[in-house]
Amino acid sequence: MSRTFGVLAALALTVVATACSSDEGADATSSATDPAALIGRTFVSTEVTGTPIPGEGPLVVEFPEPGRIAATAGCNRAVGEVDLADGVLRTDRLASTMMACPPPKDGADAWLTGLFDADPQWSVDGDVLTLTGDAVTVSLTDKKVVDPDRPLTGTEWVATTMYTPDATVTSVALERSAPSLLVAEDGSVSGSTGCNRFTGTAHIGDGTLTFGPLATTRMACPDPEVAAVENHVLAVLAGETVYEIDAATMRITAPNGVDGLGFTAR
């Protein structure tokens, strides 16, 4: 009788263990395909198995908000709606930029279209997203891991873009003059307008930089385009500005909310 009870008890424990294991497996699978784990994140390809990306990519996939996706494989950028239900990535009629890319990157858009048209399966494990299509499997890692944000302070930032109400401007004058900005931990700032040097202070807030008056050297700028760059730099770096850092780039927006400067970490 006791032997029979022992066998039954062992069987009961086996059933419970199997049920727990099954529940744990289901929970892990559900977590791996929970769309909420992707929202607000950007992933960059680190390994491609199968058909390679023409021009070597990388594939960059963004999930800026629920139901939205943006992606590029090294040429044009496509954006639109996405359905992530049941661990399958489904897109439909993504809008794309129309930039012409030189070989071999000119084949990247077709590669990306082929991947998304296959309705690839997806799963996420921590910082790694895996996309599995018909002829390719792509492992992507969170961009914050692959290319972390540079610190605001202690980094030399070089201006590469000017933002105005009418345009996003890059120019030979801007490239050659290379305006710069260095913010120290104590809030002291220094740099170049592209023509003159400047020093001053700024209060570092949560996503804001509030500049005090900047003292500049008094060298004349004979090139009118460089003078225009200087005027723009000084107009942006005045008062309470908003800054955003993404990997090695930073954008500072002037108090008017429109004018701005785009920087790259040197």
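For clarity, every value in this text was computed on a predicted model and none was experimentally measured.

Draft legend 1. Looking closely at the overall build of the protein. Assigned secondary structure in the protein consists of five helices and 19 strands. Within the protein, contacts between residues at least 6 apart in sequence are counted, and of these 51% link residues at least 24 apart. On the protein, roughly 14600 Å² of surface is accessible, and the fraction owed to carbon and sulfur atoms is 55%.

Draft legend 2. Structural detail: the side chain of Arg41. Among the secondary structure elements, Arg41 is positioned in strand 1 (residues 41-50). Look at Arg41 and you get buried, because its relative accessible area is 18%. Not counting residues up to four positions away in its chain, the partners in contact with Arg41 are Val61, Glu62, Phe63, Val124, Gly126, Asp127 and Asp142.

Draft legend 3. Broad picture of the pattern of salt bridges. Taken as a whole and assessed by the stated rule, the structure comprises seven salt bridges. With a closest N to O distance of 2.9 Å, Lys144 and Asp149 form a salt bridge. Lys144 sits in the partly exposed class, given a relative accessible area of 48%. Under the relative-accessibility criterion, Asp149 is labelled partly exposed at 34%. By sharing partners, the salt bridges in this structure join Arg41, Asp127 and Asp142 into a single network.

Draft legend 4. A look at the nonpolar core. With 26 residues, the main nonpolar core has Leu59, Phe63, Leu89, Trp111 and Leu129 as its most contacted residues. Every element with two or more residues in this core is listed here: strand 2 (60-63), strand 3 (68-72), helix 2 (108-117), strand 7 (121-125), strand 8 (128-132) and strand 9 (136-142). The leading source of residues in this core is helix 2, at five residues. In this view, Leu129 contacts Leu38, Phe43, Phe63, Trp122, Ser123, Val124, Val138, Ser139 and Leu140; residues no more than four positions away in its chain are not counted. Core analysis: the second largest hydrophobic core is formed by 24 residues, Leu152, Trp157, Phe198 and Ile245 among them.

Draft legend 5. Highlighting the side chain of His232. Structurally, the position occupied by His232 is in helix 5 (residues 224-236). When neighbours within four sequence positions are excluded, His232 is seen to be in contact with Met162, Tyr163, Thr164, Asp259, Gly260 and Leu261.

Draft legend 6. Molecular detail of helix 2. Of all the positions in helix 2, only Ala108, Trp111, Leu112, Leu115 and Phe116 are classed as buried. For helix 2, the arc enclosing every buried residue in end-on projection is 125°, short of the 170-degree limit, so these residues lie on one face. Exposed and oriented more than 90 degrees from the buried face of helix 2 are Ala110 and Asp117. Packing partners of the buried residues in helix 2 comprise strand 1, strand 3, strand 5 (90-91), strand 8 and strand 9. After helix 2 finishes, the residue Asp119 shows a positive phi value of roughly 50°.

Draft legend 7. Structural view of the confidence of the model for the protein. Here the protein averages 91 in pLDDT, while 89% of its residues score no lower than 70. Note on residues 1-22: pLDDT is under 50 here. Beyond four places in sequence and across chains, it has zero contacts.

Draft legend 8. Representation of the state of the cysteines. Inspection of the entire model under this criterion finds two disulfides. Note on cysteine connectivity: Cys75 is disulfide-linked to Cys101, with sulfurs 2.0 Å apart. Between Cys75 and Cys101, the disulfide has an S-S torsion of 100° and is therefore right-handed. On the criterion of sequence distance, the pair formed by Cys75 in the loop between strand 3 and strand 4 (77-83) and Cys101 in the loop between strand 6 (95-96) and helix 2 is long-range, its members being 26 residues apart. We classify Cys75 as buried; its relative accessible area is 10%. Paired by a disulfide, Cys195 and Cys221 hold their sulfur atoms 2.0 Å apart.

Draft legend 9. Fine view of the pairing of strand 9. Counting buried positions over the seven residues of strand 9 gives six, a clear majority of the element. Sheet analysis places strand 1 next to strand 9, joined by seven bridges and oriented antiparallel. From the neighbouring strand, Glu47 faces strand 9, where its bridge partner is Ser139. Note that strand 8 and strand 9 share five bridges and pair antiparallel. The partner of Leu129 across the bridge, within strand 9, is Leu140. Between strand 8 and strand 9, which pair antiparallel one after the other, the connecting turn spans three residues.

Conventions used here
- Residues numbered from 1 in each chain as written.
- Predicted model: local features only at pLDDT ≥ 70, side-chain atom pairs only at ≥ 80, totals over all residues.
- Heavy atoms only, no water.
- Helix = DSSP H or I, 4+ residues; strand = E, 2+ residues; numbered from the N terminus.
- Contact = heavy atoms within 4.5 Å.
- Areas by Shrake-Rupley, 256 points an atom, 1.4 Å probe, with all protein chains shown as cover.
- Buried < 20%, exposed > 50% of the residue type's maximum accessible area, 1.4 Å probe, protein only.
- Salt bridge = Lys/Arg side-chain N within 4 Å of Asp/Glu carboxyl O.
- Core = buried A, V, L, I, M, F, W, Y, C linked by side-chain atoms within 4.5 Å.
- Arc of directions from axis to C-beta.
- pLDDT = per-residue confidence, 0-100.
- Disulfide = S-S within 2.5 Å.
- Pairing = 2+ DSSP bridges.

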